[in-house]
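Residues per chain, in single letters:
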Amino acid sequence: MLESLKFQTISSGKMVSLSRSLGVTCIISGFFLSVLHLSMQYWEDRLLRAKALGLNTIQTYVPWNLHEPRAGTLDFEGIADLVSFLKLSQRLGILVMLRAGPYICAEWDSGGFPPWLFAINPAPRLRSSDPAFLQLVERWWGSLLPKVAPLLYGSGGPIIMVQIENEFGSYGDDKAYLHHLVSLARKHLGDDVILYTTDGGSRETLEKGTIRGDAVFSAVDFTTGDNPWPIFELQKEFNAPGKSPPLSSEFYTGWLTHWGEKNAQTSADFTAAALKNILERNGSAVLYMAHGGTNFGFYNGANTGSDESDYKPDLTSYDYDAPIRESGDVNNAKFKALRRVVEQYSSVSLPAVPSDNEKKAYGSINVTKSGNLFELIRYFDVVESDNPISMESMGQMFGFLLYVTKYTAKDNGGESIVSIPKVHDRAQVFISCPSEDGHEKPTYVGTLERWSNQPLTLPNTKCLSNISLLVLVENMGRLNYGPYIFDRKGILSPVYLDGRILRKWKMYLVPIINLNESPKINPIIQAVNSGVITMSAHKRLKQKSGNASKEPAFYAGYFYISKEDIIKDTFISLSGWGKGIVTINNFNIGRFWPLKGPQCNLYVPAPVLQNGKNVVVIFELESPNPELVVQLVDQPDFTCGPRKSNVHQL
């Protein structure tokens, strides 16, 4: 199966056969997962920058949840147009290693698994030979693989290898599952395609995650700076004799960052030296990441530490300290250092390095309050249940869900204790009671967080009737790695008031769109477009904002780009704001949390913007900037919030 597969350092131009080496390869998970939605000009822009780095192959993921956001509803158009991406790669003379999953990790929500899997009862066992799970995988690959089969290398296309699962040896040892995936891939792709697995460079992970012999090539990954050659020797044991070219299929150029950590950075010289150690002895490497990109929308993943509650969600930025930066910039020390190493071992001249794309600071945007969440809930879809149910069971796959019930105040007027043993991931708690005019003004009580969940004391409240308890739960990204990847969201346990279970819940679906959801008219957009954005309203709200109680609310503003101007990339600064989501022209730019840090500014690619009027909508969960202003600036900023050291050491 692998007789024609021989890795060398750098391929000499366009390959005519696999025996002429794959050479240095690169992975751009952020490329397909977060730049694909923009426009063809940006796919090509990033691919050409990868070529200028000296790379001849792109390794890219296929995220199941992007292509099947609802069960049975497949999407291969627009942001999910995988075939166009593959054809563009071929037109530019770039080969492709395709990571088809079904699990991909990638610091991507659920490691690529669609959230509707978590609404199935009984729950399928992910990444296993559970027949219920395999049936779903067969249906998914039965749609995906026939689309890419005509683009295999043997059919004249760019795809030279297809990955089976991902780092399975770090998760389980269900060989029946792996063999089933191999059979399924062969069924749709034929016997000539080169299939491969990737596992950590230890005997234990390779024993669990590989299929010995020549049916599937076993690649390895390991910490940058480790001596690669003993690991490559170990790799040979898991491949057929003479068919184990040394390949580091994830050579880490940087590292990921979670909210609350110092932004991860690694030395350019150290990284370049580690790559040189592989190339100088005829090894090959996949640069993870060559270009990280951005976790636009709600697609960021999360990790855990010692247990399920040690929850660590990823930033909106997936810059990764990669040589091609989040905004595509290549004028940096790491790009230059890695390019010098690749050039040293290349048999062909490398392409010229493109200039960085110009950024523009479009200036200040004054915003006004277009309504708080509690004023709008009467327009939202609602489901009633005796007990709280998960977001997925409600059909609210991402974002926010508001849980509401009522309770009776104590006769003695004393305080009460509310506890939610299991909430995923962050819950803001409010109480309210009707006033004499019948209106309710919710009062913020406190926040329950998955990683620091403690009961809350509800203040003594004298009401004319029962008190309303409102719990706004935010899904901050599903776990993408480790034993807890079956990560349902919402309130996942009973809610206790002084030890008594609260029942009779209403659950309101907050309509904030994700990347691959079609824009639709909803109360939020209607409020923004209703003409409420006036200067008088701005002044009135600005005076009140300093004393306002914490409340989730929507703010809107706009800015203009002249019809004669060329639209440029920018960054939206949320300095002085609390936590929330920002959209521009109904495109979900992502999450902001400058209070936690380290990310202060969110990347806004030029294709999101338009000549003329551009509308900014902010869903602020806590406290807005007192000046009710945001800035469009020309630089990223990762200096916000209290920071602790990132524990990962390369």
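Residues numbered from 1 in each chain as written. Predicted model: local features only at pLDDT ≥ 70, side-chain atom pairs only at ≥ 80, totals over all residues. Heavy atoms only, no water.

Draft legend 1. Local environment of the sheet that holds strand S22 (residues 496-497). On the basis of which strands lie adjacent, the open sheet formed by four strands has the order S19-S15-S22-S23 and antiparallel pairing. Every other strand in the sheet has two partners, leaving strand S19 (456-458) and strand S23 (500-501) as the edge strands with one partner each. In terms of strand pairing, S22 meets S23 through two bridges, oriented antiparallel. Each residue of the ladder has a partner; that of tyrosine 496, found in S23, is isoleucine 501. (Pairing = 2+ DSSP bridges. Helix = DSSP H or I, 4+ residues; strand = E, 2+ residues; numbered from the N terminus.)

Draft legend 2. View of helix H6 (residues 175-189). The terminal C-alpha atoms of H6, which comprises 15 residues, lie 21 Å apart, in line with the 21 Å expected from a rise of 1.5 Å per residue. Among all positions of H6, only Tyr177, Leu178, Leu181, Val182, Leu184, Ala185, Arg186 and Leu189 are buried. Packed against the buried residues of H6 are helix H5 (131-148), strand S4 (159-163), strand S5 (194-200) and helix H7 (203-209). (Expected span 1.5 Å × (residues − 1). Buried < 20%, exposed > 50% of the residue type's maximum accessible area, 1.4 Å probe, protein only. Contact = heavy atoms within 4.5 Å.)

Draft legend 3. View of the packing of H5 against H6. Between H5 and H6, the least distance of the axes is 9 Å, while the angle of their chain directions is 30°. In this view, H5 runs roughly parallel relative to H6, as classed from their interaxial angle. For the pair H5 and H6, the sense of crossing is right-handed. Contact residues: H5 offers Phe133, Leu134, Val137, Glu138, Trp141, Gly142, Leu145, Pro146 and Val148, while H6 offers Tyr177, His180, Leu181, Leu184, Ala185, His188 and Leu189. (Axes fitted to C-alpha atoms, helices over the stretch in contact; angles between N-to-C directions. Parallel < 35°, antiparallel > 145°, perpendicular 65-115°, else oblique. Left-handed = near helix turned anticlockwise from the far one by under 90°.)

Draft legend 4. Here's a closer look at the side chain of asparagine 332. Its place among the elements puts asparagine 332 in the loop between strand S10 (311-313) and helix H10 (333-344). Judged by relative accessible area, which is 14%, asparagine 332 ranks as buried. In this structure the side chain of asparagine 332 is engaged in a polar contact, spanning 3.2 Å, whose partner is the backbone nitrogen of lysine 334. Once residues within four sequence positions are removed from consideration, asparagine 332 is found in contact with Pro323 and Arg325. (Polar contact = N/O pair within 3.5 Å; in protein donor to acceptor, adjacent residues only side chain to side chain.)

Draft legend 5. Broad picture of the pattern of salt bridges. Overall, the coordinates contain 32 salt bridges when judged by the stated rule. Between arginine 46 and aspartate 45 there is a salt bridge, and its shortest N-O distance comes to 2.7 Å. The two residues arginine 46 and aspartate 45 agree in class, both being buried. Between glutamate 392 and arginine 478 there is a salt bridge, with the nearest N and O atoms lying 2.9 Å from each other. (Salt bridge = Lys/Arg side-chain N within 4 Å of Asp/Glu carboxyl O.)

Draft legend 6. Structural view of the packing of aromatic side chains. Summed over the entire model, instances satisfying the criterion amount to 34 aromatic pairs. The interplanar angle of 65° and the centroid separation of 4.7 Å between the aromatic rings of phenylalanine 118 and phenylalanine 486 together place this pair among those described as edge-to-face. On the criterion of sequence distance, the pair formed by phenylalanine 118 in the loop between strand S3 (95-99) and H5 and phenylalanine 486 in the loop between strand S20 (467-474) and strand S21 (490-491) is long-range, its members being 368 residues apart. Phenylalanine 118 sits in the buried class, given a relative accessible area of 0%. Judged by relative accessible area, phenylalanine 486 falls into the partly exposed class, the value being 26%. In textbook terms, an aromatic cluster arises when at least three aromatic residues are bridged by ring pairs, as seen for Trp64, Phe76, Tyr103, Phe113, Trp116, Phe133, Trp140, Phe168, Tyr171 and Tyr177. Across the ring face of phenylalanine 76, the terminal group of lysine 147 is positioned such that the distance to the ring centre comes to 4.8 Å. (Phe/Tyr/Trp six-rings, centres within 6.5 Å; stacked < 30°, edge-to-face > 60°. Lys NZ or Arg CZ within 6 Å of the ring centre and 35° of its normal.)

Draft legend 7. Summary view of the confidence of the model for the chain. The predicted model of the chain averages 89 in pLDDT, with 87% of residues at 70 or higher. Predicted confidence for residues 531-548 stays below pLDDT 50, and this span has 23 contacts to residues more than four positions away or in other chains. Across residues 644-650, where pLDDT falls below 50, the model places 17 contacts with residues more than four positions away in sequence or in other chains. (pLDDT = per-residue confidence, 0-100.)

Draft legend 8. Quick look at the nonpolar core. Counting 148 residues, the largest nonpolar core has Trp141, Leu144, Leu373, Ile572 and Ile618 as its most contacted members. Setting aside residues no more than four positions away along its own chain, tryptophan 141 makes contact with Ala100, Gly101, Pro102, Pro146, Ile164, Leu181, Leu184, Ala185 and His188. (Core = buried A, V, L, I, M, F, W, Y, C linked by side-chain atoms within 4.5 Å.)

Draft legend 9. View of the sheet that holds strand S24 (residues 505-509). Here six strands make up an open sheet; going across it, the order is S13-S24-S14-S20-S17-S18 and the pairing antiparallel. The outermost strands of the open sheet, each flanked by one partner alone, are strand S13 (382-385) and strand S18 (443-449). Each neighbouring strand pair of the sheet contributes to a mean axis angle of 20°, computed without reference to strand direction.

Draft legend 10. The arrangement of the pairing of strand S29 (residues 601-604) in detail. A two-sided burial pattern is seen for S29, the buried positions comprising Asn601 and Tyr603 on one face and Leu602 and Val604 on the other. Of the pairings in the sheet, the one linking strand S26 (residues 570-573) to S29 comprises four bridges and is antiparallel in character. Within S29, the position partnered with threonine 570 by the bridge is valine 604.

Draft legend 11. How the structure looks around the state of the cysteines. Enumeration according to the criterion identifies two disulfides in this entry. The disulfide partner of cysteine 433 is cysteine 463, and the gap between their sulfur atoms is 2.4 Å. Torsion about the S-S bond of the cysteine 433 and cysteine 463 cystine: about -90°, corresponding to left-handed handedness. Separated by 30 residues along the polypeptide, cysteine 433 in the loop between strand S17 (426-432) and S18 and cysteine 463 in the loop between S19 and S20 bring together distant segments of the chain. Residue class for cysteine 433 comes out buried when judged on its relative accessible area of 19%. Residue pairing for cysteine 600: its cysteine sulfur links by disulfide to cysteine 640, the two sulfurs lying 2.0 Å apart. Judged by the torsion about the S-S bond (130°), the cysteine 600/cysteine 640 disulfide is right-handed. Note that cysteine 600 is positioned in the loop between strand S28 (587-592) and S29 and cysteine 640 in the segment after strand S31 (629-633), a separation of 40 residues in sequence. (Disulfide = S-S within 2.5 Å.)

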